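Chains, contacts and geometry: an overview
Spelled out, the chains give:
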Amino acid sequence: MKVTVVGAGAVGATTADNLVRRSVAEEIILLDIKEGFAEGKAQDISQTAALLGFDAKIKGVTNDYAQTAGSAVAVITSGIPRKPGMTREELIGTNANIVKSVVENLVKHSPDIIIVIVSNPMDTMTYLALKSSGLPKNRIIGMGGTLDSARFKYQLSEKLNASPADLNAIVIGGHGDTTMIPLIQHATWNSIPVSTFLTKEEQDDIVQKTMVGGATLTALIGTSAWYAPGAASAAVVESIVRDQNKLFTASVYLEGEFGQEDINLGVPVIINKNGWDRIVPLELSDEESQKFNASAEAVRNMNNVLKEINAL
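Every value quoted in this text rests on a predicted model; they were computed, and no experiment measured them.

Considerations on the side chain of T4
Note on placement: T4 falls in strand β1 (residues 2–6). Exposure remark for T4: the relative accessible area of 0% places this residue in the buried category. For T4, the residues in contact, after removing those within four places along its chain, are I29, T68, S71, V73, A74, V75 and L106.

Thoughts on the nonpolar core
Of all hydrophobic cores here, the largest spans 52 residues; its most connected members are I28, V237, I271 and F292. Mapping this core onto the domain boundaries places at least three of its residues in each of domain 1 (1–141) and domain 2 (144–307). Other than its neighbours up to four places away in sequence, F292 contacts I172, G173, I181, L254, F258, Q260, L265, G266, V267 and L284. Counting residues in each nonpolar core, the second largest holds 28 residues, with I113, Y127, L130 and I140 among its members.

Side note on the sheet that holds strand β11 (residues 192–193)
Spatial ordering of the open sheet is given by β7-β10-β11, a layout of 3 strands whose pairing is antiparallel. The sheet is open, and its two edges are formed by β7 (167–168) and β11, each paired on a single side. The pairing of strand β10 (residues 188–189) with β11 spans 2 bridges and is classified as antiparallel. Paired with W189 across the two strands is I192, which belongs to β11.

Some details on helix α5 (residues 122–133)
Taking 1.5 Å per residue, 12 residues should reach 16 Å; α5 reaches 16 Å between its end C-alpha atoms and fits that length. Of all the 12 residues making up α5, 10 are buried; the element is thus mostly covered by neighbouring parts of the structure. Considered for burial, the residues of α5 that qualify are M122, D123, T124, M125, T126, Y127, L128, A129, L130 and S133. Backbone geometry just downstream of α5 places G134 in the positive-phi region, at approximately 80 degrees.

Describing the pattern of salt bridges
The final tally for this structure, using the stated rule, is 10 salt bridges. The closest approach of N and O atoms between D205 and K159, which form a salt bridge, is 3.1 Å. Residue D205 is located in helix α7 (residues 200–211), and its partner K159 is located in helix α6 (residues 144–160); the two are separated by 46 residues in the primary sequence. Under the relative-accessibility criterion, D205 is labelled partly exposed at 26%. Counted as one network, the salt bridges with shared partners bring together R22, E238 and R242.

Brief notes about the UniProt feature "active site" (unreviewed entry) in the protein chain
The positions UniProt marks with the feature "active site" (unreviewed entry) are H175. Here H175 shows up in the loop between β8 (171–173) and β9 (180–182). Note on H175: relative accessible area 23%, which makes it partly exposed. When residues no more than four places from it in sequence are discounted, the contact partners of H175 are N120, M122, D123, G144, L147 and D148.

Considerations on the UniProt feature "binding site: NAD(+)" (unreviewed entry) in the protein chain
Following the UniProt record, one finds the feature "binding site: NAD(+)" (unreviewed entry) at G7, A8, G9, A10, V11, G12, D32, N95, V118, S119 and N120. Here G9 shows up in the loop between β1 and α1 (10–21). Owing to a relative accessible area of 27%, G9 belongs among the partly exposed residues under this scheme. Sequence-distant contacts of G9, that is, excluding residues within four places in its chain, are made with D32, F37 and K41. Inspection of the secondary structure puts D32 in strand β2 (residues 27–32). The buried category is assigned to D32, whose relative accessible area is 13%. Other than its neighbours up to four places away in sequence, D32 contacts G7, A8, G9, F37, A38, V61, T62 and N63.

Rules used in this analysis
Residues numbered from 1 in each chain as written. Predicted model: local features only at pLDDT ≥ 70, side-chain atom pairs only at ≥ 80, totals over all residues. Heavy atoms only, no water. Helix = DSSP H or I, 4+ residues; strand = E, 2+ residues; numbered from the N terminus. Buried < 20%, exposed > 50% of the residue type's maximum accessible area, 1.4 Å probe, protein only. Contact = heavy atoms within 4.5 Å. Core = buried A, V, L, I, M, F, W, Y, C linked by side-chain atoms within 4.5 Å. Domains from an automatic or database assignment. Pairing = 2+ DSSP bridges. Expected span 1.5 Å × (residues − 1). Salt bridge = Lys/Arg side-chain N within 4 Å of Asp/Glu carboxyl O. UniProt positions renumbered as here; feature names shortened; annotations may be inferred.

As structure tokens, then:
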């Protein structure tokens, strides 16, 4: 089986590294537009095989989508971060052109492909990928909620002094500091509600720290994070390739679920060989529903920019 990662920057290379280390696919294609960049990253990763004991192969290519032919899954990390002075429309316009081109080339060479979107703004780029690709909705997945939920578990584990593996906690809504919704009232520590162990103030602190998790890292290291995003992307791909039926939060297309239509938003889904297989119903409180609707409105406003710039 073949998996492609488009974009050999920090997130893309880390995604590929995780996939190779776990031997998720026999062949990983790492593609970038910068001459020699993906080839160098792939060679560097390959040189760890003797030390880490994996047999999967990784190949770097420069903008040659023919090499991706027959891919079962692709991860798209391509795009630019928002720069000082850049408007929302400029960011969306630039990344929309990139994502549309990448999706078109991937589908051309692998018509049965499942695509995982990492590029930002993630929910809007996932919506664009679905609308422009012609693929069934279950084969387009936005990764953001998987990362946000992992960050939520990290914050809980720090406060509880617990193993993250013992925690169940999810973040729904848009993938953004003001649009994500950490569901603290649904979080459990081995089936026991975390509210049993935490004060209201501690819970509020965890939620706030989760929501600014990406911005916090950017402030600390001077750039966007890559280890956790790469691991989250690889986890989604692994659940697809190995048909694991794992429950992740992912940005998927809603047609009435959670009261929303014609939008991609983070909700709990089962991910397997079909892509996202089904949405898991979740009973939200009135406050949580209001926050979800507000998140949807914010994402919908971003999506409207696609129409304004004629990307759709």
